[in-house]
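# Coordinates in review
The lines below spell out each chain.
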Amino acid sequence: MKRGGGVSGAVSLVMIFCVLCLAVFAVLTIATADREAKLSEMTAQNAADYYEADRQAVEIVAALRDGKTLPVDVEIEHVLSTYPDGPVETAAFSLPFGDSQALRVEVMLGDQDGETCQILRWQTEYTGEWEIDSSMPVWDGE
């Protein structure tokens, strides 16, 4: 009399292996989804901070152009430059946003007719401290 139990043991091992693989993939999927959710929240917050600084910068430029009082307390750097067409006043300011960024704006106030302004610079800058990582051993040639 023959016993037929050899095949069912192999099937059980394959089934256990498949269940373990599915469990590992499920845990990795949940961890990835959590990291992606945190990244999207950080991206949304950074975008909101940038657009708030952008809105304030537009209001400041409009106030400078019209000669009105500034809507926010910000330090304005005024410079009188000489161009071939004559002296021109430029104004520059920086609005911090986020943890380590700032919106740097520089405008030329008035042209020949004195009614318009020209944007010379509208740029985000990194304002955090640079940390140089020199721990990687590099071959110096000797």
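Structural notes, computed from the coordinates.

Time to look at the sheet that holds strand β3 (residues 101-109). Spatial strand order, β1-β2-β3-β4: four strands in an open sheet with antiparallel pairing. Each edge of the open sheet carries a strand with a single partner, namely β1 (77-83) and β4 (117-126). Strand-to-strand, the axes of this sheet are offset by a mean angle of 20°, without reference to chain direction. Pairing analysis gives nine bridges linking strand β2 (residues 86-97) to β3, with the strands arranged antiparallel. Pairing of Ala91 across the sheet is with Val107, part of β3.

Moving on, we get to the pairing of β3. The element β3 is extensively covered by neighbouring structure, given that seven of its nine residues are classed as buried. Linking two consecutive strands that pair antiparallel, namely β2 and β3, is a turn of three residues; a positive phi of about 70° is found at Gly98 within it. Relative to β4, β3 runs antiparallel, the two being bridged by nine bridges. Paired with Leu103 across the strands is Thr124, a residue of β4.

About the thresholds
- All chains use their own residue numbering, which begins from 1 and follows the written sequence.
- Restriction of local features to residues with pLDDT of at least 70 applies here, the model being predicted, together with a cutoff of 80 or more for giving and counting side-chain atom pairs; totals for whole chains, interfaces and linings are based on all residues.
- Neither water nor hydrogens contribute to the side-chain values; these are computed over all heavy atoms in the structure.
- When DSSP finds at least two bridges between two strands, those strands are taken to pair.
- Helix and strand assignments come from DSSP, with helices taken as H or I runs of at least 4 residues and strands as E runs of at least 2, each series counted from the N terminus.
- Orientation is described by lines fitted to C-alpha atoms, with helices fitted over the stretch in contact, and by angles between N-to-C directions that extend from 0 to 180 degrees.
- Under the scheme applied here, a residue whose accessible area is under 20% of the maximum for its type counts as buried, over 50% as exposed, and between as partly exposed, the area being computed with a 1.4 Å probe on protein chains only.

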